[in-house]
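This is what each chain is made of:
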Amino acid sequence: MIEQAIADLLGYALRVGLIEDCDHTWAANRLLEALKLDSWEEPGTVQDRPLEDILKDLLDWAVENGRIEEGTTSRDLFDTELMGRLTPRPSQVIREFQARYEESPETATDWYYQFSQDTDYIRRYRIAKDVKWVAPTPYGDLDITINLSKPEKDPRAIAAAKTAPQGGYPKCQLCRENEGYAGRMNHPARQNHRIIPITIDGKDWFFQYSPYVYYNEHCIVFNGAHVPMKIDRSAFRKLLDFVKQFPHYFVGSNADLPIVGGSILSHDHFQGGRYTFAMEKAPVEKEVSFPGFEDVECGIVKWPMSVIRLRSADDDRLVDLAEKILTTWRGYTDEAAFIFAETNGEPHNTITPIARMRDGKFELDLVLRNNLTTEEYPLGVYHPHQELHHIKKENIGLIEVMGLAVLPSRLKGELAALADALVAGRDIRADEALEKHNHWAEELKTRYTFTRENAMGILQKEVGVVFAKVLEHAGVYKCTDEGRAAFLRFISSVK
């Protein structure tokens, strides 16, 4: 079995272009070294089968023969080592990307995205197991995903990570030092990982794809230095520089404060890709203008969060106006709207920015954020409130802001069990795993008659309703007459 699996992996690497015919003997010996084999008898045939099946055979053999211990982490570390031994060097990958970029940016990213899957850095067979659906809401069709490969994070743990002493190697999972790293039990292996250098705002940054792929061509653009997230003029400049170089992609940044930021605040980075989110489709509900920037198209977006959209053919004008809006927002307090720039010296206001090209113009969406906490809302006033935590309690970062819910893996089993319980009429409070959903389920029972045929469809639709409420909670200005009046007060304060 082991000889056939080795031959099949070599055949796979040849088919997808990781190696060439002249690399065959070298590549075989690289695999034998990892497997601690002194020799092998090459079988007469190579089976064209899925990479997942080939790696499973190799991993099963490694466990049975004491090369590795059983367990998902040990298996992940070892199969990444095997794939890393077949992955071209960074210099080769960069040359190939740059040559294809000369043809077009799209040609380059098409190749690089496929390459990142072929090396198994993006584990296609795991991504395919994620649960996804679209939920209609008053704000448009929201994307709902249940992620099955990334654990749910507590917002307080994320906040603590930003201020924790930075040590170890690599310092975090975004650092450039991850390229080729062997990994360890608490840090993923990245021997099959290759990154692309880019220059934005005159700084050395890097471009890669996310191994989790929450949406099509989900990429990460990250600082070559391990420095914290920071939203400032340079961030706007970098975002627009990126879409200038890759006009078929959007790119955005998480905010730079705890609670309203993403899961990694300690390393400056953006996320982008080739995908149209519901927020991008959302229209401008009210046009506005800013003094001295009458040439820039501006408006409030019809969206549950508080979004100012800027459009211009001149990206420098967008940077200038975005900086002015950010500077004003950082110091803005409106007690009537329960917005405080700071309390006890702690700043609360920041922005989640998203850049794209549309119809030949640069577009910049500025999402106003505030991370104020109170005794009633200890995780954040503008954060999903406690009654929604049975579905979503994590920070509302960039991806959620744009209309894609990344929900914890526990919900796959919980929603299935809840559907069964509703159909059977069981007491949900008696089930420890489902008890958190009881209030929600009781309310749903007043509006629906559940059957085996419709239960899951109803729950998926209603999860979309909950996610829309999550975004409403995260919006600093509500979609009400009072909220819009307060929004306009802020806009009029930008001078």
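Residues numbered from 1 in each chain as written. Predicted model: local features only at pLDDT ≥ 70, side-chain atom pairs only at ≥ 80, totals over all residues. Heavy atoms only, no water.

Trainee: What exactly am I supposed to notice about the sheet that holds strand β5 (residues 219-223) here?
Mentor: Strand pairing in a sheet relies on backbone hydrogen bonds, with the paired strands running either antiparallel or parallel. An order of β3-β4-β5-β7-β6-β13-β14-β10-β9-β8 is seen for the ten strands of this open sheet, with the pairing classed as antiparallel. Pairing within the sheet leaves two strands with one partner each, and these edge strands are β3 (196-200) and β8 (284-288). The sheet shows a mean angle of 25° between the axes of neighbouring strands, taken without regard to direction. By the bridge criterion, five bridges tie strand β4 (residues 203-209) to β5 in an arrangement that is antiparallel. Looking at the pairing, Y209 lines up with C219 of β5. (Pairing = 2+ DSSP bridges. Helix = DSSP H or I, 4+ residues; strand = E, 2+ residues; numbered from the N terminus. Axes fitted to C-alpha atoms, helices over the stretch in contact; angles between N-to-C directions.)

Trainee: Would you mind going over the side chain of D120 with me for this structure?
Mentor: Its location among the elements puts D120 in the loop between α6 (105-118) and α7 (124-127). Contact partners of D120, with chain neighbours within four places excluded, come to L51, L55, D79, M83, Y125 and N192. (Contact = heavy atoms within 4.5 Å.)

Trainee: For this particular structure, what's the right way to read the sheet that holds strand β15 (residues 404-407)?
Mentor: Pairing is mixed across the open sheet formed by three strands, whose spatial order is β1-β2-β15. Here the strands that pair on one side only, and so sit at the sheet edges, are β1 (131-137) and β15. For this sheet, the mean inter-axis angle between neighbouring strands, taken without regard to orientation, is 20°. Note that β1 and strand β2 (residues 140-146) share seven bridges and pair antiparallel. Bridge pairing links T137 to G140 in β2. Running over the sheet, helix α15 (residues 455-474) touches β1, β2 and β15 and is turned about 70° from β1.

Trainee: Sorry if this is basic, but what is going on with the nonpolar core here?
Mentor: Proteins that are soluble and globular tend to have nonpolar side chains buried together. In terms of nonpolar packing, the biggest core is built from 95 residues, with F207, F242, F290, L310 and Y477 touching the most fellow members. Here this core takes eight residues from helix α1 (residues 2-16), the largest share from any one element. With residues up to four places along the chain from it excluded, the contact list for F290 reads C298, I308, L310, L321, I325, I491 and V494. The next biggest cluster of nonpolar side chains, apart from the first, holds 52 residues, and it includes W303, L398, F450 and A455. (Core = buried A, V, L, I, M, F, W, Y, C linked by side-chain atoms within 4.5 Å. Buried < 20%, exposed > 50% of the residue type's maximum accessible area, 1.4 Å probe, protein only.)

Trainee: Sorry if this is basic, but what is going on with the pattern of salt bridges here?
Mentor: It is possible for side chains bearing opposite charge to pair when their charged atoms get close. What the rule picks out here adds up to 47 salt bridges. Two residues, E106 and R274, come together in a salt bridge whose shortest N-O distance is 2.9 Å. Of the two residues, E106 sits in helix α6 while R274 sits in the loop between β7 (269-273) and α10 (278-281), which places them 168 residues apart along the sequence. Classification of E106 as partly exposed rests on a relative accessible area of 37%. Assessed through its relative accessible area of 23%, R274 is described here as partly exposed. For the salt bridge of K392 with E394, the shortest nitrogen-to-oxygen distance reads 3.5 Å. (Salt bridge = Lys/Arg side-chain N within 4 Å of Asp/Glu carboxyl O.)

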